[in-house]
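For reference, the chains in residue letters:
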Amino acid sequence: RRDGADAGEVDRVAMIWTAIVPLKLRALRKSRLSSCMSLQERQTLSDRMAARVLAALDEAGIPTRVLSPVPWAGLPWEPDYGAGLNAELDRVRAALACTPLLVISGDLPLLTAGDVRLLLAGAGEQDVAIAPDRHGQGTNAIALHDARPFAFSFGERSFARHFAAAQGAAIIRDHPGLAFDLDTPADLDDARRLGWA
């Protein structure tokens, strides 16, 4: 894994990237927190996390589109037609003519611009960079630098599938901003201990 990145070098190439942040309808977000949070609280939490991710991408200089059934906060919007996340991402990538693409979760409450730059630096060296979640099971971000065929496979235990599809990828571990996603009551407790939630 990479432990650092030349921020200046990444800044020089940042504008060639496009970031996609998938977001569900507000009423459908963070359903696994329904046992400990009201719908309004879950919506507020998910909005805060998405705002944090979008701000980090903006600070890193990455043009960003929100993939969602409805527009979000006036940002560039990529409509989600309901075909399923992986099919929608495959469609978007094809429409972008396989230009460098970053797909990043909207529920990373600790994400910083430095984390984004680190991921892109890894993709610059290895063509693909993957950030697994802190449990090594899911995938929180994928950066695809070249036009190689790649089938998105988000869902339960997606990291193993993504790693198999991109042998030799840079794996960015042990960086809380990329590894810590907030889905469950246990995650919420950990976020509170970290002073975020």
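Quick note: structure is the one above.
Description of the structure in this document. Chains are numbered independently. Their residues run from 1 in the order of the written sequence. Owing to the predicted nature of the model, reporting of local features is limited to residues with pLDDT of at least 70; listing and counting of side-chain atom pairs is limited to 80 or more, with chain, interface and lining totals taken over all residues. The side-chain numbers reported here are obtained from all heavy atoms of the structure, hydrogens and water having been left aside.

1. A closer look at the packing of aromatic side chains
- Ring pairs are drawn from Phe, Tyr and Trp, using the six-membered ring of Trp, whenever the two centres fall within 6.5 Å, and their geometry is named by plane angle: stacked under 30 degrees, edge-to-face over 60, tilted for the rest. Applying the stated criterion across every chain, the model contains 3 aromatic pairs.
- When the centroid spacing of 5.4 Å and the interplanar angle of 75° are considered together, the rings of phenylalanine 150 and phenylalanine 152 count as edge-to-face.
- When the centroid spacing of 6.3 Å and the interplanar angle of 15° are considered together, the rings of phenylalanine 152 and phenylalanine 154 count as stacked. Accessibility assignment for this pair places phenylalanine 152 and phenylalanine 154 in one class, buried. Burial here depends on accessible area, computed with a 1.4 Å probe over protein chains only, as a share of the maximum for the residue type. Under 20% is buried, over 50% is exposed, and the range in between is partly exposed.

2. Describing helix α5 (residues 158-165)
- Within the span of α5, buried status applies to Ser158, Phe159 and His162. The buried residues of α5 all sit within an arc of 100° when viewed along its axis, so they share a single face. The exposed residues of α5 that point more than 90 degrees off its buried face are Ala160 and Ala164.
- As for α5, its buried residues are in contact with β5 (128-132), β6 (139-144) and β7 (170-171). Secondary structure elements follow DSSP: runs of H or I no shorter than four residues count as helices, runs of E no shorter than two count as strands, and numbering proceeds from the N terminus. Starting at the helix axis, one direction is taken to each C-beta atom, and the arc is that of these directions. The contact criterion used is simple: two residues touch if any of their non-hydrogen atoms lie within 4.5 Å.

3. A word on the pairing of strand β1 (residues 18-22)
- Across the 5 residues that make up β1, a large majority, 4, are buried.
- Sheet topology note: the β1/strand β4 (residues 101-104) ladder contains 3 bridges and is parallel. Bridge pairing links isoleucine 20 to valine 103 in β4.
- Being paired, for any two strands, means DSSP has found at least two bridges between them. Here 4 bridges tie β1 to strand β2 (residues 64-68), and the two strands are oriented parallel to one another. From the neighbouring strand, proline 22 faces β2, where its bridge partner is leucine 67.
- Since β1 and β2 lie parallel, the crossover through helix α2 (residues 39-59) that links them has a hand, and here it is right-handed. Here a crossover is taken to be right-handed if, once the strands point away from the viewer, the path from the first strand over the helix to the second is traced clockwise.

4. Comments concerning the side chain of aspartate 133
- Locating aspartate 133 in the fold gives a position in the loop between β5 and β6.
- The buried charged residue aspartate 133 lacks any salt bridge, with arginine 134 as its nearest oppositely charged partner at 7.3 Å.
- Contacts described as polar in this section are N or O atom pairs within 3.5 Å, which, within protein, must combine one atom able to donate a hydrogen with one able to accept it, while residues neighboring in sequence count only if both atoms come from side chains. Within the structure, the side chain of aspartate 133 is placed 2.9 Å from the backbone nitrogen of glutamine 137, a separation counted as a polar contact.
- Setting aside anything within four residues of it in sequence, one finds aspartate 133 in contact with Gly138, Asn140, Ala179 and Asp181. Neither His nor the chain termini are counted; the positive set is Lys and Arg, and the negative set is Asp and Glu. Salt bridges are identified by distance alone: a Lys or Arg side-chain nitrogen within 4 Å of an Asp or Glu carboxyl oxygen.

5. So, the sheet that holds β4
- One open sheet accounts for 7 strands, arranged β3-β2-β1-β4-β6-β5-β7; its pairing is mixed. Lying at the two open borders of the sheet, with one neighbouring strand each, are β3 (77-79) and β7.
- As a rule, the C-alpha atoms of each element are fitted with a line to give its axis, helices using only the stretch in contact, and angles between N-to-C directions run from 0 to 180 degrees. Helix α4 (residues 113-126) rests against β4, β5, β6 and β7 of the sheet, and its axis sits at about 140° to β5.

6. Re the environment of leucine 75
- Residue placement: leucine 75 occurs in the loop between β2 and β3.
- A sequence separation of 21 residues divides leucine 75 from leucine 54, and the C-alpha atoms of the two residues are 9.5 Å apart.
- Here leucine 75 is in contact with Leu54 and Val66, once residues within four sequence places are set aside.

7. Regarding unusual backbone geometry
- Of note, aspartate 127 is a non-glycine position whose phi angle comes to about 75°, a positive value.
- Within the secondary structure, aspartate 127 is located in the loop between α4 and β5.
- Here aspartate 127 falls in the partly exposed class, since its relative accessible area comes to 26%.
- Positive phi, normally seen in glycine, also occurs at arginine 157, with a value near 55°.
- With respect to the helices, strands and loops of the structure, arginine 157 is situated in the loop between β6 and α5.
- Exposure remark for arginine 157: the relative accessible area of 52% places this residue in the exposed category.

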